[in-house]
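Take a look at the letters that make up each chain.
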Amino acid sequence: MNKPLVAALASLAITGMGVAPAVAAPRQAAAVTVDFAGTVSLSNCSGSVIRFPNSADSDPALVLTNGHCLETGFPDPGEVITGQSSSRTFGLLNSAGTKVATLRANQVVYSTMTDTDITIYRTTTTYAAIKSSYGISPLTVSATHPVAGTAIKVVSGYWKTIYSCNIDGFVYRLKEGDWTWKDSVRYTSACNTIGGTSGSPVIDTSTGQVVAVNNTGNEDGERCTVDNPCEVAENGTVTVRQGINYAEETYLIPACFTTGNVLNLSASACTLPKP
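Residues numbered from 1 in each chain as written. Predicted model: local features only at pLDDT ≥ 70, side-chain atom pairs only at ≥ 80, totals over all residues. Heavy atoms only, no water.

## Examining the state of the cysteines
Taken as a whole and assessed by the stated rule, the structure comprises four disulfides. The disulfide that involves C165 links it to C191, with 2.1 Å between the sulfurs. Between C165 and C191 the sulfur-sulfur dihedral comes to about -100 degrees; the bridge is accordingly left-handed. Remark: C191 occurs in the loop between strand 11 (179-187) and strand 12 (201-204) and C165 occurs in strand 10 (residues 161-176); sequence separation between them is 26 residues. Between the sulfur of C224 and that of C230 lies a disulfide, 1.9 Å long from S to S. Here C224 and C230 share a disulfide; its torsion about the S-S bond, 100 degrees, makes the bridge right-handed. Across this residue pair, the class does not change: C224 and C230 are buried. Taken in sequence order, the bonded cysteines of the protein chain link in the pattern 1-2, 3-4, 5-6, 7-8. (Disulfide = S-S within 2.5 Å. Helix = DSSP H or I, 4+ residues; strand = E, 2+ residues; numbered from the N terminus. Buried < 20%, exposed > 50% of the residue type's maximum accessible area, 1.4 Å probe, protein only.)

## Regarding the pairing of strand 13 (residues 210-217)
The buried fraction of strand 13 amounts to eight of the eight residues, a majority that puts the element mostly inside the structure. Here strand 12 hands over to strand 13 after five residues, with G208 in that stretch at a positive phi of 75 degrees. Where strand 13 lies against strand 16 (residues 245-249), five bridges are found, and the strand directions are antiparallel. Paired with T216 across the strands is Y246, a residue of strand 16. (Pairing = 2+ DSSP bridges.)

All quantities given are derived from atomic positions and should not be read as evidence of function.
Take a look at the structure:
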């Protein structure tokens, strides 16, 4: 997992060691400007202030990061956490990557490492208040499945670094230690993310919308171990790609939220894992 800093220096040492898989042809589309505005830094990870297509400016602002960035520790396989109290803080960045404010959570709205790897926090402020005070808008989470070949940027608020590459393809199952994730995004080799980039938004450069959340990479070439995820095909074939990094899709999330950014796991279109 591209998580905390104990692995960061080691990750720096092994960056780029893997052989890149075949690259899908990038989509030809006019790129939008992607910078640090709306991203956040956590104590050990990266994240972003997000909204959904139907969110209102008056709604409480949400922050997206990884499940394995949760302050109370990794959720167990099969565990889904909702409504957990939190007072975690986030450093809000402007377009240049300068911290302009500290946001505070009052709740872990949703967190899991089952099928996906996400934590969503509710903050004590609104999108409108953030915009009014700091001129910063949230990032919109796309409600459609990403497309292979898409040009993307992985924006790390922790490191204040932007990685540019393409979606190389999708992984039927990505297994790391005790956890398994479904339909993960595999990057082309240029996105050589490291420890601390966990939770970074993966942004489609043609739309400016979030299509995934960065979460892991195979550091040492090991097979299906922590920090060394393996790809498991539908027929059970296992592939190890040392130096290649991954993200978890986010298009499933909007269908699980209703008016006021309220979580509704019972919504008919919601397919996120449930407690």
